[in-house]
Amino acid sequence: QVQLVESGGGLVQAGGSLRLSCAASGRTFSSYAMGWFRQAPGEAREFVASINSSGGSTYYARSVKGRFTISRDNAKNTVYLQMNSLKPDDTAVYSCSARSPGGTSWSEWGQGTQVTVSS
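Attention in this report is confined to the structure presented alongside it. Only a predicted model underlies this, so the values are computations on that prediction, with no experimental measurement involved.

### Topic: the overall build of the chain
Secondary structure summary: the chain contains zero helices and eleven strands in total. Secondary structure elements of the chain, listed N to C terminal, follow the sequence β-β-β-β-β-β-β-β-β-β-β. A compact globule built from 119 residues should have a C-alpha radius of gyration of about 14 Å, and the chain, at 13 Å, falls within 12% of that. Expressed along its principal axes, the backbone C-alpha trace of the chain runs to roughly 40 × 25 × 25 Å.

### What to know about the packing of aromatic side chains
Each pair of aromatic rings is reported with the distance of its centres and the angle of its planes. If you walk through the whole model with that rule in mind, you get four aromatic pairs. Ring geometry for Phe37 versus Phe47: centroids 5.6 Å apart, planes at 75°, classification edge-to-face. Of this pair, Phe37 sits in strand β4 (residues 33-39) while Phe47 sits in strand β5 (residues 46-51), and the two are ten residues apart along the sequence. The aromatic ring of Phe29 is capped on one face by Arg72, whose charged end is 4.5 Å from the ring centroid. Sitting over the face of the ring of Trp106, Arg99 holds its NZ or CZ atom 4.7 Å from the ring centroid.

### Let's talk about the pairing of strand β1 (residues 3-7)
Side chains Leu4 and Glu6 of β1 all project onto a buried face; the interleaved residues Gln3, Val5 and Ser7 project onto a face where none is buried. Where β1 meets strand β3 (residues 18-25), five bridges bridge the pair, whose relative direction is antiparallel. Pairing of Glu6 across the sheet is with Cys22, part of β3.

### Describing the state of the cysteines
Applying the stated criterion across every chain, the model contains one disulfide. Residue pairing for Cys22: its cysteine sulfur links by disulfide to Cys96, the two sulfurs lying 1.9 Å apart. When the S-S torsion is 50°, as for the bridge of Cys22 with Cys96, the disulfide is right-handed. Of this pair, Cys22 sits in strand β3 while Cys96 sits in strand β9 (residues 92-99), and the two are 74 residues apart along the sequence. Of the residues examined, Cys22 reaches a relative accessible area of 0% and is grouped as buried. Note on Cys96: relative accessible area 0%, which makes it buried.

### Some points on the environment of Ser107
By the secondary structure assignment, Ser107 is in the loop between β9 and β10 (108-109). Residue classification places Ser107 among the partly exposed positions, given a relative accessible area of 40%. Residues Ser107 and Gln1, 106 residues apart in the sequence, show an inter-C-alpha distance of 9.0 Å. If sequence neighbours within four positions are ignored, Ser107 has contacts with Ser97, Ala98 and Ser100.

Rules behind the numbers
- Residues numbered from 1 in each chain as written.
- Predicted model: local features only at pLDDT ≥ 70, side-chain atom pairs only at ≥ 80, totals over all residues.
- Heavy atoms only, no water.
- Helix = DSSP H or I, 4+ residues; strand = E, 2+ residues; numbered from the N terminus.
- Rg over C-alpha atoms; globule rule 2.2 N^0.38 Å.
- Phe/Tyr/Trp six-rings, centres within 6.5 Å; stacked < 30°, edge-to-face > 60°.
- Lys NZ or Arg CZ within 6 Å of the ring centre and 35° of its normal.
- Buried < 20%, exposed > 50% of the residue type's maximum accessible area, 1.4 Å probe, protein only.
- Pairing = 2+ DSSP bridges.
- Disulfide = S-S within 2.5 Å.
- Contact = heavy atoms within 4.5 Å.

Coordinates in, geometry out; function isn't part of it.
Listed below in structure tokens is the structure:
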């Protein structure tokens, strides 16, 4: 089991960049796949990006591919989401999540961090 804490959200103008961080506690972080999700007001939560336990494989939602980059540092128990060329439609609460080895669902969640992109 891991506990997750996000940081790095804020207010940015369209076209700008932000880097989100998700710090995990627990000694098994390196065995978890990690993901970022977001939820805008009145909308369902949606998948943004994921990365496997070693960091060698990543996957992105079509809406962010080419603009966002997910990465992880297993020595620091941290996963990152670099967000470039931000758009007002990217405004949402961003949460990180962990999927245990062999698991089929995202079982651990952070509290989320607000990202607001102004036009």
